[in-house]
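Descriptive analysis of the structure
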Amino acid sequence: MSQSRSITQLDISISENGWIKWFCNLEDHHYFCEIDEFFIADQFNLYGLKQSFDHFEEALQMILSPNTPSEEDLEDDQFLELYNEASELYGLLHARFIITPQGLTIMKSKYLQGRFGVCPRVLCERQNVLPLGLSHELRTSRVKIFCPRCQDVYSPKKQMSDVDGSYFGNSFPHVFLQVFPELSPSLCTKEYVPKLFGFKVHKQKGSKFQAQLKQNEMYYYAEDHIKRLSQGVHQDDEQKQKEVIQNIARMGQNKKK
């Protein structure tokens, strides 16, 4: 590979078949959107990323390349090492791009098309989900999915081994739903109740035992709270009595004098 150039010298050549399009069309990469090349070339958007990579300039040059890797490249260990850095750099840039107006618009289209999948919870009735990372740090966990209806996080139906959660960040779904409130569904109020032949299972969700247990917990809490309050009142009364006795004793001593 040719010697790397500084970011200000990088050639931005828009190509229909460049590295970015090739990368986003790889298997299991359907969560990704194609980042605008001018966004990548803007130094402001690269702030704080350089120190995380050993070959930052070369990886950036690969991302912006108008050429796609050949079969020979994919068999070259040195190329694959650089490719790994380029894919991680692209992922971290992707997390920044998808919360911009342009990125949010692209992700909105994917969401409406159901490209991220649906909630695995039956009671959510195939609600469309959004990609989510549990951390913004690399190599912490794989990408997860967030359901706007039940407000919970799940693993995708298909495990995407090379798609890190940091490529989407831990705030994307919430930013997305704030920008597009009309896409936020009503919260799911349905919950599954275990039953045997039509009867609620004892000691399980929805049973009388559970309801009674909650009442008992509230009763014990209230009773304990009252005891504490009464103890506090008694302690205050005792303290006041001591103060009164001390004041009377002082008055007696003053009279004798």
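These numbers were taken from a predicted model, which means no experiment stands behind them.

What counts as what
Residues numbered from 1 in each chain as written. Predicted model: local features only at pLDDT ≥ 70, side-chain atom pairs only at ≥ 80, totals over all residues. Heavy atoms only, no water. Helix = DSSP H or I, 4+ residues; strand = E, 2+ residues; numbered from the N terminus. Buried < 20%, exposed > 50% of the residue type's maximum accessible area, 1.4 Å probe, protein only. Contact = heavy atoms within 4.5 Å. Areas by Shrake-Rupley, 256 points an atom, 1.4 Å probe, with all protein chains shown as cover. Pairing = 2+ DSSP bridges. Axes fitted to C-alpha atoms, helices over the stretch in contact; angles between N-to-C directions. Parallel < 35°, antiparallel > 145°, perpendicular 65-115°, else oblique. Nonpolar A, V, L, I, M, F, W, Y, C, P; charged D, E, K, R; others polar. Patch = residues over 30% accessible without salt bridge, like charges linked within 9 Å, V, L, I, M, F, W, Y side chains within 5 Å. Salt bridge = Lys/Arg side-chain N within 4 Å of Asp/Glu carboxyl O. Lys, Arg positive; Asp, Glu negative; His and termini not counted. Charge placed at Lys NZ, Arg CZ, Asp CG, Glu CD. Expected span 1.5 Å × (residues − 1). Arc of directions from axis to C-beta. Phe/Tyr/Trp six-rings, centres within 6.5 Å; stacked < 30°, edge-to-face > 60°.

**Some thoughts on the overall build of the protein chain**
If you tally the helices and strands in the protein chain, you get seven helices and five strands. Ordered by position in the sequence, the α and β elements of the protein chain form the string α-α-α-α-α-β-β-β-α-β-β-α. Across the 257 residues in the protein chain, those meeting the buried criterion constitute 34%. Summarising the internal contacts of the protein chain: among those between residues at least 6 apart in sequence, 66% fall at separations of at least 24. Element-wise, carbon and sulfur atoms account for 51% of the exposed surface of the protein chain, whose accessible area totals about 17100 Å².

**Quick notes on the sheet that holds strand β2 (residues 144–147)**
With antiparallel pairing, the three strands of this open sheet are ordered in space as β1-β2-β3. A strand with exactly one partner marks an edge of an open sheet, and here the two such strands are β1 (130–132) and β3 (152–154). Ignoring which end each strand starts from, the neighbouring axes of this sheet average 40° apart. Alignment of β1 against β2, held across three bridges, turns out to be antiparallel. Across the sheet, L132 pairs through a bridge with K144, a residue of β2.

**Side note on unusual backbone geometry**
Its identity is not glycine, yet D28 carries a phi of approximately 70°, on the positive side. One can find D28 in the loop between α1 (19–24) and α2 (37–41). Judged by relative accessible area, D28 falls into the buried class, the value being 16%. At R126, a position not held by glycine, the phi torsion is positive, near 60°. Along the polypeptide, R126 turns up in the loop between α5 (101–112) and β1.

**Brief notes about the packing of helix α3 (residues 56–63) against helix α4 (residues 77–97)**
Orientation of α3 relative to α4, taken along the N-to-C sense of each, is 80°, at an axis distance of 8 Å. Compared by their axis directions, α3 and α4 come out roughly perpendicular. Here F56, E58, A59, L60, M62 and I63 of α3 lie close against α4, whose contacting residues are F79, L82, Y83, E85, A86, L89 and Y90. Grouping the amino acids of the contact of α3 with α4 by side-chain chemistry returns 11 nonpolar, no polar and two charged.

**Regarding the packing of α5 against helix α6 (residues 172–179)**
Two numbers describe how α5 lies on α6: the axes approach to 11 Å, and their chain directions differ by 90°. By the angle between their directions, the pair α5 and α6 is classed as roughly perpendicular. Where α5 abuts α6, its residues L104, M107, K108 and Y111 lie against F172, V175, F176 and V179. Split into classes, the residues belonging to the contact of α5 with α6 amount to seven nonpolar, no polar and one charged.

**Focus on a negative patch on the surface**
A cluster of acidic residues, D54, D76, D77 and E81, forms a negative patch at the surface. Within the fold, D76 resides in the loop between α3 and α4.

**Here's the deal with α5**
The periodicity of an α-helix, 3.6 residues per turn, causes residues three or four places apart in sequence to face the same way. If you check α5, its first and last C-alpha atoms are 17 Å apart, about what 12 residues at 1.5 Å a residue would give, namely 16 Å. Every buried residue of α5 is accounted for by G103, L104, M107, K110 and Y111. Looking straight down α5, one finds that the buried residues subtend no more than 120° of arc, so they occupy a single side. Opposite its buried face, α5 presents the exposed residues P101 and L112, each directed more than 90 degrees away. G114 sits one or two positions beyond α5 and adopts a positive phi of about 75°.

**Re the packing of aromatic side chains**
Following the criterion strictly, the structure yields 17 aromatic pairs and no others. Ring centres 6.2 Å apart and planes at 55° place the aromatic pair W19 and W22 in the tilted group. Of this pair, W19 and W22 both sit in helix α1, three residues apart, roughly one helical turn. Exposure remark for W19: the relative accessible area of 1% places this residue in the buried category. Of the aromatic side chains, those joined through ring pairs into one cluster are W19, W22, F23, Y31, F32, Y83, Y90, F116, Y167 and F168.

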